[in-house]
Amino acid sequence: DLDIISLIYDAYKTGRMIAVLPFVSKVVEPVKISKVFRPPNPWTTAILQLFAEIYSADDLKLNLKFEIEMLFKSMKDMSNT
């Protein structure tokens, strides 16, 4: 099993967000077409909330902020359909 939330926390602590955040973003992005994992699914919502917290961190690199923005834009487009 892959615990994505723990993976993100560990990457943040160890400075490996550059590799983990794009990976998790690509794993989470298809939930927009899923009937089971769409928000308000608790698993998906927890990951998106964690991304929102990470986005507000001052020391986050710009390319990672862009990756988070693209994920949220994708999710927002999902809610408009």
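Located above this text is the structure these notes cover.
This write-up is about the structure you can find in this document. The shown structure was predicted, so the numbers you read here are calculated from the model rather than taken from an experiment. (Residues numbered from 1 in each chain as written. Predicted model: local features only at pLDDT ≥ 70, side-chain atom pairs only at ≥ 80, totals over all residues. Heavy atoms only, no water.)

1. Re the nonpolar core
Here is the rule: Think of a nonpolar core as a cluster: buried Ala, Val, Leu, Ile, Met, Phe, Trp, Tyr and Cys residues, connected wherever their side-chain atoms sit within 4.5 Å. For the exposure calls, accessible area comes from a 1.4 Å probe over protein chains only, and a residue counts as buried if that area is under 20% of its type's maximum, exposed if over 50%, partly exposed in between. Only runs of H or I of at least four residues qualify as helices and only runs of E of at least two qualify as strands under DSSP, and these elements are numbered from the N terminus. Any two residues whose heavy atoms approach within 4.5 Å at even a single point are treated as in contact.
Counting 19 residues, the largest nonpolar core has Ile8, Met17, Leu21, Val24, Val28, Phe51 and Ile54 as its most contacted members. For this core, the secondary-structure elements that each account for two or more residues are helix 1 (4-14), helix 2 (17-28), helix 3 (42-55) and helix 4 (62-79). When near neighbours in sequence (up to four residues on either side) are disregarded, phenylalanine 51 contacts Ile8, Leu21, Val24, Ser25, Ile68, Leu71 and Phe72.

2. Observations regarding the packing of aromatic side chains
Applicable threshold: When two rings of Phe, Tyr or Trp (its six-membered ring) have centres within 6.5 Å they constitute a pair, described as stacked for plane angles under 30 degrees, edge-to-face for angles over 60, and tilted for the intermediate range. Definition used: whenever NZ (Lys) or CZ (Arg) falls within 6 Å of the ring centre and also within 35 degrees of the ring normal, the charge is taken to sit over that ring.
For the structure on display, the rule yields one aromatic pair. Seen from their ring centres, phenylalanine 37 and tryptophan 43 are 5.5 Å apart, and the 65° between their planes marks the pair as edge-to-face. Residue phenylalanine 37 is classed as partly exposed on the basis of its relative accessible area of 39%. Looking at lysine 65, its charged tip hangs above the ring of tyrosine 55, at a distance of 5.0 Å from the centre.

3. Some remarks on helix 2
This is how it is decided: To estimate the expected span of a helix, count its residues, drop one, and scale the result by 1.5 Å. Note: the arc covers the axis-to-C-beta directions of the helix.
Helix length check: helix 2, at 12 residues, gives a terminal C-alpha distance of 16 Å against a target of 16 Å (1.5 Å per residue), a fit within 8%. Listed as buried for helix 2 are Met17, Val20, Leu21, Val24, Ser25 and Val28. For helix 2, the arc enclosing every buried residue in end-on projection is 130°, short of the 170-degree limit, so these residues lie on one face. For helix 2, exposure combined with an orientation more than 90 degrees from the buried face picks out Ala19 and Lys26.

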